[in-house]
Amino acid sequence: MGLFHRAVVATLPLVPRALVWRFARRYIAGWTLDEAVDEVERLQTIGACSTFDVLGENLEKLEDTAPFLKDALDALDAIASRKLDASLSVKLTQFGLHLDAGHCLKLMRQILEHAGETFVQIDMEDSSVTEATLQAYRSLAADFDNVGIVLQAYLRRTPDDIDAYADLKPVTRLCKGIYLEPPEVAFQDYEKVRAQFLLCLQKLLDNGQYVGIATHDPYLVEQAEAEITRRGLAPDAYEFQMLLGVAEPLRAALIERGHRLRVYIPYGPDWYAYATRRLQENPSIAGHIVSNLFKRRRR
Ligand SMILES: Cc1cc2nc3c(=O)[nH]c(=O)nc-3n(C[C@H](O)[C@H](O)[C@H](O)COP(=O)(O)OP(=O)(O)OC[C@H]3O[C@@H](n4cnc5c(N)ncnc54)[C@H](O)[C@@H]3O)c2cc1C
């Protein structure tokens, strides 16, 4: 991370939420399920499928899991009743993984039963819960086949995790990883993360797994497409995935070239942590916010 980027990241918490919202808006479908459904239906018209994500993570009390359970069940009902081409993504700390893993598993079983045919992808959070998340997946996969995991290429452990879970052939979203992690846990070097992403992709495909290739990095997209061609993979054997509001021209090009493309649709009132992570990733937008802030202060 460059000096300017560091300065921007350090300044973001000082920015008023209303201003952050104005710039974050493109990454978030809205505060309600209805707004998210509208976005999913709009994306369907351009040939993209979606995954719903109710924003929120790292709850402080187990009681706070109840609204997230309701939100997840409501999203699943909307997918079924509107016949949406969509899955659901969940973060296990929304269901109390870090407080009581048994409680989290109980709620996840309820969600997976309710989901029926709909697929539920377990997002991967920071490294304090990597092991617990993978273990929860193993436990759920023993009884459900509509559940999958996310692996982060920047984590040093990920190639070993692929081997450890190869027997279950999980449907896997592969992404670079977004949380700030120390060097002993995650590679910090941009090229090293790219190289490990490609290594992990090879391992997953070698094992015959369905991979959600979740990146906006044009280099990785190009390498992944070359790999798909080299292996002669059918379009239903993998998919590309992108975040709402990011890399829309690349997204359109992938759809045009016949790839399945899923867009991640975050929504809900608990948008702030997600929005600041996205803005910290994109210094040009975040820098704009910070400069606006100073302009406003000078007035
Ligand atoms: C569908 C999906 C699900 C994800 N799920 C998880 C998860 O469960 N756990 C997790 O840790 N991470 C998750 N991520 C985030 C991921 O780990 C990366 O942090 C993020 O995708 C950026 O990495 P990149 O591969 O796009 O490469 P980068 O090198 O970061 O970006 C490549 C290019 O994409 C564009 N770009 C990237 N981000 C932005 C942005 N915010 N605004 C504008 N342009 C941008 C820029 O042009 C940039 O140069 C997910 C990403 C996607 C696409």
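Remember, predicted model here, so these are calculated numbers, not experimental data.

### Topic: the overall build of the protein chain
Tallying secondary structure elements over the protein chain gives twelve helices and eight strands in all. Rg of the C-alpha trace for the protein chain: 19 Å, near the compact-globule value of 19 Å for 299 residues, within the 12% margin. For the protein chain, the C-alpha atoms occupy an extent of roughly 60 × 45 × 45 Å along the three principal directions. When the 299 residues of the protein chain are sorted by exposure, 54% land in the buried category. A fraction of 74% describes how many contacts in the protein chain between residues 6 or more apart in sequence connect residues 24 or more apart. Of the accessible surface of the protein chain, which amounts to about 13700 Å², a share of 54% is contributed by carbon and sulfur atoms. Separation of charge centres in the protein chain, based on 35 positive and 42 negative side chains, amounts to 7 Å.

### With respect to the side chain of Glu227
You can see Glu227 is positioned in helix α9 (residues 218–231). For Glu227, a relative accessible area of 9% puts it in the buried group. Among the polar contacts listed, one links the side chain of Glu227 to the side chain of Arg230, at a separation of 2.7 Å. Setting aside residues up to four positions removed in sequence, Glu227 forms contacts with Gln202 and Leu205.

### Observations concerning the pattern of salt bridges
The final tally for this structure, using the stated rule, is 22 salt bridges. Between Glu239 and Arg260 there is a salt bridge; the shortest N-O distance is 3.5 Å. Residue Glu239 is located in strand β7 (residues 238–243), and its partner Arg260 is located in the loop between α10 (248–256) and β8 (261–267); the two are separated by 21 residues in the primary sequence. With a relative accessible area of 2%, Glu239 lands in the buried category. Salt bridges here are not isolated pairs; linked through shared partners, they connect Asp53, Lys91, Asp123 and Arg173.

### Here's the deal with the sheet that holds β8
Across a sheet, strands are paired by hydrogen bonds formed along the backbone, either parallel or antiparallel in direction. Taken together, eight strands build a closed barrel; the order of strands is β1-β2-β3-β4-β5-β6-β7-β8 and the barrel is parallel. Averaged over all pairs of adjacent strands, the angle between their axes in this sheet comes to 30°, without regard to strand direction. Sheet analysis places strand β6 (residues 211–214) next to β7, joined by four bridges and oriented parallel. Its bridge partner being in β7, Ile213 is matched across the sheet by Phe240.

### Brief notes about the state of the cysteines
Under the counting rule described, the total for this entry stands at zero disulfides. This cysteine, Cys175, is not joined by any disulfide, and Cys200 carries the nearest cysteine sulfur, 10 Å off. Residue classification places Cys175 among the buried positions, given a relative accessible area of 17%.

### Some words on the side chain of Ser50
Within the secondary structure, Ser50 is located in strand β1 (residues 49–54). In this structure Ser50 touches Val40, Leu43, Asp85, Ala86, Ser87, Arg262, Val263 and Ile265, once residues within four positions along its chain are discounted.

### Let's talk about the packing of aromatic side chains
For the coordinates displayed, the defined rule picks out six aromatic pairs. A ring pair is formed by Trp271 and Tyr272, whose centres lie 5.7 Å apart and whose planes are at 75°; its orientation type is edge-to-face. Exposure class is identical for Trp271 and Tyr272. Each is buried. An aromatic cluster of three or more residues is present, and its members are Trp21, Trp31, Trp271 and Tyr272. Taking NZ or CZ as reference, Arg138 lies 4.4 Å from the ring centre of Tyr165, over its face.

### Regarding the domain arrangement of the protein chain
Under the domain assignment, the protein chain is made up of domain 1 (1–28 + 272–299) and domain 2 (33–73 + 87–270). The straight-line distance from the C-alpha centre of domain 1 to that of domain 2 is 25 Å. Across the boundary between the two partners, domain 1 contributes eleven residues, which contact 15 residues of domain 2. Summed over both sides, the interface between domain 1 and domain 2 buries roughly 1100 Å², with carbon and sulfur atoms accounting for 59% of that surface. When the buried area of domain 1 at its contact with domain 2 is split by residue, Ile28, Tyr274 and Arg277 rank highest and sum to 49% of it. Across the domain 1-domain 2 interface, the total number found is zero salt bridges. Within the side of domain 1 that touches domain 2, the residues separate by chemical class into six nonpolar, no polar and five charged.

### Description of the nonpolar core
Ranked by internal contacts, the top residues of the largest apolar core, which has 73 residues, are Phe52, Met108 and Ile111. Broken down by element, the residue count for this core peaks at eight residues, all from helix α4 (residues 65–81). The next biggest cluster of nonpolar side chains, apart from the first, holds 18 residues, and it includes Leu12, Trp21, Leu243 and Tyr274.

What counts and what doesn't
Residues numbered from 1 in each chain as written. Predicted model: local features only at pLDDT ≥ 70, side-chain atom pairs only at ≥ 80, totals over all residues. Heavy atoms only, no water. Helix = DSSP H or I, 4+ residues; strand = E, 2+ residues; numbered from the N terminus. Rg over C-alpha atoms; globule rule 2.2 N^0.38 Å. Buried < 20%, exposed > 50% of the residue type's maximum accessible area, 1.4 Å probe, protein only. Contact = heavy atoms within 4.5 Å. Areas by Shrake-Rupley, 256 points an atom, 1.4 Å probe, with all protein chains shown as cover. Lys, Arg positive; Asp, Glu negative; His and termini not counted. Charge placed at Lys NZ, Arg CZ, Asp CG, Glu CD. Polar contact = N/O pair within 3.5 Å; in protein donor to acceptor, adjacent residues only side chain to side chain. Salt bridge = Lys/Arg side-chain N within 4 Å of Asp/Glu carboxyl O. Pairing = 2+ DSSP bridges. Axes fitted to C-alpha atoms, helices over the stretch in contact; angles between N-to-C directions. Disulfide = S-S within 2.5 Å. Phe/Tyr/Trp six-rings, centres within 6.5 Å; stacked < 30°, edge-to-face > 60°. Lys NZ or Arg CZ within 6 Å of the ring centre and 35° of its normal. Domains from an automatic or database assignment. Buried area = accessible area lost by both parts, 1.4 Å probe. Nonpolar A, V, L, I, M, F, W, Y, C, P; charged D, E, K, R; others polar. Core = buried A, V, L, I, M, F, W, Y, C linked by side-chain atoms within 4.5 Å.

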